[in-house]
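Overview (structure and organization)
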Amino acid sequence: MVHHAPAGRITLLKQSKQIALAMGEKAITVHHIGSTAIPSIYAEPIIDLLIEVKDFAKVES
């Protein structure tokens, strides 16, 4: 467990943008979830992302 790192926000933004570009129109948005999304707590140094999609069946194809 590590203390919240503000620099992690830059990593998050970069990763979210890369995922959104790769997914194209299939993705609605990328959400930051999990313990690293809460600035005031200690967390594992892993960024959890949830990708919201329009149609899951189209993502699998």
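Residues numbered from 1 in each chain as written. Predicted model: local features only at pLDDT ≥ 70, side-chain atom pairs only at ≥ 80, totals over all residues. Heavy atoms only, no water.

Considerations on the overall build of the protein chain
Along its length, the protein chain carries two helices and two strands. Starting at the N terminus and walking to the C terminus, you meet the elements of the protein chain as α-β-β-α. Over its C-alpha trace the protein chain gives a radius of gyration of 13 Å, far above what one expects of a compact globule, namely 10 Å for 61 residues. Seen through its C-alpha atoms, the protein chain measures out along the principal axes to roughly 40 × 15 × 15 Å. Out of the 61 residues belonging to the protein chain, those deemed buried represent 10%. When contacts within the protein chain are restricted to residue pairs at least 6 apart in sequence, those whose partners lie at least 24 apart make up 55%. Surface exposure of the protein chain reaches about 4700 Å², of which carbon and sulfur atoms provide 62%. (Helix = DSSP H or I, 4+ residues; strand = E, 2+ residues; numbered from the N terminus. Rg over C-alpha atoms; globule rule 2.2 N^0.38 Å. Buried < 20%, exposed > 50% of the residue type's maximum accessible area, 1.4 Å probe, protein only. Contact = heavy atoms within 4.5 Å. Areas by Shrake-Rupley, 256 points an atom, 1.4 Å probe, with all protein chains shown as cover.)

Points about helix α1 (residues 8-23)
With 16 residues, α1 extends 22 Å from end C-alpha to end C-alpha; this agrees with the ideal 22 Å at 1.5 Å per step. At the C-terminal side of α1, glycine 24 shows a positive phi close to 60°. (Expected span 1.5 Å × (residues − 1).)

Thoughts on the environment of threonine 29
Within the secondary structure layout, threonine 29 lies in strand β1 (residues 27-33). Note on threonine 29: relative accessible area 31%, which makes it partly exposed. In this structure, threonine 29 is in contact with Leu50, Ile51 and Glu52, ignoring residues within four places of it in sequence.

Focus: the confidence of the model for the protein chain
Across the protein chain, the average pLDDT comes to 88, with 98% of residues at or above 70. The least confident element of the protein chain, judged by mean pLDDT, is helix α2 (residues 56-60) at 86; the most confident is strand β2 (residues 48-53) at 94. (pLDDT = per-residue confidence, 0-100.)

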